[in-house]
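What the coordinates show
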Amino acid sequence: MSKVEILVICRHEGILQTIVRLVNNNPEWNATGAVTDDDAIAEFNSHLFKLVLLGSGIEKESEDKLCTAFRALNQHIIIVQHYGGGSGLLAAEIYEALARR
Amino acid sequence: MAQTILHKAETRGHANHGWLNSYHSFSFSSYYNPNRMNFGALRVLNDDTVDAGMGFGTHPHDNMEIISIPLEGDLEHKDSMNNVAVIKNGDIQAMSAGTGIYHSEYNKDRAHRVKFLQIWVYPDKKNVEPRYDQITLNLEDRHNKLQQILSPNPNDEGVWIHQNAWFHLGKFDKGISTEYNLKAKGNGVYVFVLTGDVKINDQLLNTRDGFGIWDTDKFTITAETDAEFLLMEVPMKF
């Protein structure tokens, strides 16, 4: 069974690595990380993601630009804010987001 | 008319990792219950016991207001803002994670466990500059009265956080009653009983029960036994 592909965007490199590692601890999920808007859009263009997690430090203007770009390519993409920096909230956020599908 | 939700103590999520015994009032880590995600802006209420000499290694947080209240023993905190402090029983610590922070929390006592509440509240502003605050509370200020320990205002009693929230502690003798008036329209209050039995209006609560009440301006708190409790007023929509 293929894994759920999740794009994680976070400006803080260290926190991004933590989030990606924690997501990948779940055998059913596979996370790809991106720090910049350009990297995030490039990743989104090259892979089919089910879910986008927005982490810390993303400015409102960037958030709007990313959401617009992602939805232009996939109107069904789920985009959620991750709170906590790779925290105990992560799994619940992903489960809840995927349940919306 | 007031709306309410009751969370009995035994319905909390539970994780025992040996060195850490944790009860989760809301979904956290491997405890996932879609009906127990949050109470308004209150997202995490963890009731933790950490063995002597053990603790949480350095880990990141962002965009959360994190409040720690030791109930027994002391907790050593270190963070990436170079804050190093011991949060003692009787203290309250608030940390605005904002754009991102790393911290660790350890029980440095080699002989005794530490019990503490860790509470996370969604902030009303994202990506703030990370900050840290800690104060020592006067225990007498909660004896048969409500002691404010947290608010949105740096100039008010207690610590402050980036959210329209107010926390109060009370340590009431049996039979003592008081009224709590909510401070902001649209807020609700989550009551957590630390010890004893209390009634919120007509609802009886026991030790470690949680009770949310909203769509009301006020409610009555009565100690059915000697009791200690925490009131967390938070926005229901955020």
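For the structure given in this document, a descriptive report is provided here.

**Comments concerning the overall build of chain B**
Helix and strand counts for chain B come out as zero helices and 22 strands. Relative to its length of 238 residues, chain B is compact, with a C-alpha radius of gyration of 17 Å against a globular reference of 18 Å. Counting only C-alpha atoms, chain B reaches 45 × 40 × 35 Å along its principal axes.

**Here's the deal with the overall build of chain A**
Broken down by element type, chain A carries four helices and four strands. Counting from the amino terminus, helix and strand elements in chain A follow one another as β-α-β-α-β-α-β-α. Taking the principal axes of its C-alpha atoms as reference, chain A extends roughly 30 × 30 × 20 Å. Within the span of chain A, comprising 101 residues, buried residues form 42% of the whole. For chain A, the share of sequence-separated contacts (at least 6 apart) that also reach a separation of at least 24 residues comes to 70%.

**So, the interface of chain B and chain A**
The partner chain A presents 19 residues to the 18 residues of chain B that form the contact. When the residues that make up the side of chain B that touches chain A are grouped by side-chain class, the tally is eight nonpolar, eight polar and two charged.

**Observations concerning the pairing of strand 2 (residues 13-16) of chain B**
Residues and elements named next belong to chain B. Here four bridges tie strand 2 to strand 3 (residues 20-24), and the two strands are oriented antiparallel to one another. Bridge pairing in strand 3 links glycine 13 to histidine 24. Joining the antiparallel neighbours strand 2 and strand 3 is a turn of three residues, in which glycine 18 adopts a positive phi near 90°.

**Remarks on the environment of Ala92(A)**
Structurally, the position occupied by Ala92(A) is in helix 4 (residues 90-99). Among the residues examined, Ala92(A) registers 23 C-beta atoms within 10 Å and is labelled buried. When near neighbours in sequence (up to four residues on either side) are disregarded, Ala92(A) contacts Ser27(B), Phe28(B), Tyr32(B) and Met37(B).

**Looking at the environment of Pro130(B)**
Residue and element names in this part refer to chain B. When you line up the elements, proline 130 lands in the loop between strand 11 (114-121) and strand 12 (131-136). Residue proline 130 is classed as buried on the basis of its 21 C-beta neighbours within 10 Å. For proline 130 and asparagine 206, which are 76 residues apart along the polypeptide, the C-alpha to C-alpha distance reads 36 Å. What proline 130 contacts, discounting residues up to four positions off in sequence, is Met81, Ser96, Ala97, Gly98, Thr99, Gly100 and Ile101.

**Regarding the packing of helix 2 (residues 37-46) of chain A against helix 3 (residues 60-73) of chain A**
Residues and elements named next belong to chain A. At a minimum axis distance of 11 Å, the contact between helix 2 and helix 3 shows a crossing angle of 10°. Relative to helix 3, helix 2 is oriented roughly parallel. Of the two possible hands of crossing, helix 2 and helix 3 adopt the one that is right-handed. Residues Asp37, Ala40, Ile41, Phe44 and Asn45 of helix 2 pack against Ser62, Lys65, Leu66, Ala69, Phe70 and Leu73 of helix 3. Broken down by class, the residue content of the contact of helix 2 with helix 3 amounts to seven nonpolar, two polar and two charged.

**Some points on the nonpolar core**
Among the nonpolar cores identified, the biggest contains 86 residues, and Val8(A), Ile9(A), Leu150(B), Val191(B) and Met232(B) are the most heavily contacted of them. The contacts of Val191(B), once residues within four sequence positions are left out, are Ile200(B), Leu205(B), Gly210(B), Phe211(B), Phe229(B) and Leu231(B).

**Details of the sheet that holds strand 10 (residues 101-106) of chain B**
All names here are of chain B. Overall, antiparallel pairing links the four strands, which are arranged 5-10-7-8 in an open sheet. Looking along the sheet, the strands with just one partner apiece sit at the ends: strand 5 (55-61) and strand 8 (84-87). Each neighbouring strand pair of the sheet contributes to a mean axis angle of 20°, computed without reference to strand direction. Pairing analysis gives five bridges linking strand 5 to strand 10, with the strands arranged antiparallel.

**Points about unusual backbone geometry**
With glycine set apart, most residues show a phi of negative sign, and most peptide bonds adopt trans. All names here are of chain B. Of note in the backbone geometry, asparagine 127 takes a positive phi value of approximately 60° without being a glycine. Relative to the helices and strands, asparagine 127 resides in the loop between strand 11 and strand 12. We note that asparagine 201 has phi near 50°; this positive angle belongs to a residue other than glycine. Residue classification places asparagine 201 among the partly exposed positions, given that 14 C-beta atoms sit within 10 Å.

**Thoughts on the sheet that holds strand 2 (residues 29-34) of chain A**
All names here are of chain A. What the four strands build is an open sheet, ordered 2-1-3-4; its pairing is parallel. Whereas interior strands pair on both sides, the edge strands pair on one side only; in this sheet they are strand 2 and strand 4 (78-81). Taken over all neighbouring pairs, the strand axes of this sheet differ in orientation by 25° on average, direction set aside. Across six bridges, the pairing between strand 1 (residues 4-9) and strand 2 is parallel.

Calculation notes
- Position numbers for residues count from 1 along each chain, tracking the sequence in the order it is written.
- Written order determines the labels here, with chains lettered from A and ligands numbered from 1.
- Local features in this predicted model are restricted to residues of pLDDT 70 or higher, and side-chain atom pairs are both shown and tallied only at a pLDDT of 80 or more, whereas totals for entire chains, interfaces and linings draw on every residue.
- The helix count covers DSSP runs of H or I at least four residues long, the strand count covers runs of E at least two residues long, and both are numbered beginning at the N terminus.
- This radius of gyration counts C-alpha atoms alone. The globule rule is 2.2 Å times how many residues there are, raised to the power 0.38.
- Counting other C-beta atoms within 10 Å of a residue's own tells you its class, since 20 or more makes it buried, 12 or fewer makes it exposed, and anything in between is partly exposed; those C-beta atoms are placed from the backbone.
- We call two residues in contact if the C-beta atoms placed from their backbones are at most 7 Å apart.
- When residue character is reported, Ala, Val, Leu, Ile, Met, Phe, Trp, Tyr, Cys and Pro are called nonpolar, Asp, Glu, Lys and Arg charged, and the others, Gly included, polar.
- Strands pair, by our definition, only if DSSP identifies at least two bridges between them.
- Each axis is a line fitted through C-alpha atoms, taken for helices only over the stretch in contact, and angles between the N-to-C directions span 0 to 180 degrees.
- Under this scheme an angle from 65 to 115 degrees is roughly perpendicular, one under 35 degrees roughly parallel, and one over 145 degrees roughly antiparallel; angles in between are oblique.
- Note: crossing handedness is left-handed where the near helix turns anticlockwise from the far helix by less than a right angle, and right-handed where it turns clockwise.
- Joining buried Ala, Val, Leu, Ile, Met, Phe, Trp, Tyr and Cys residues through C-beta atoms within 7 Å gives a set, and that set is a nonpolar core.

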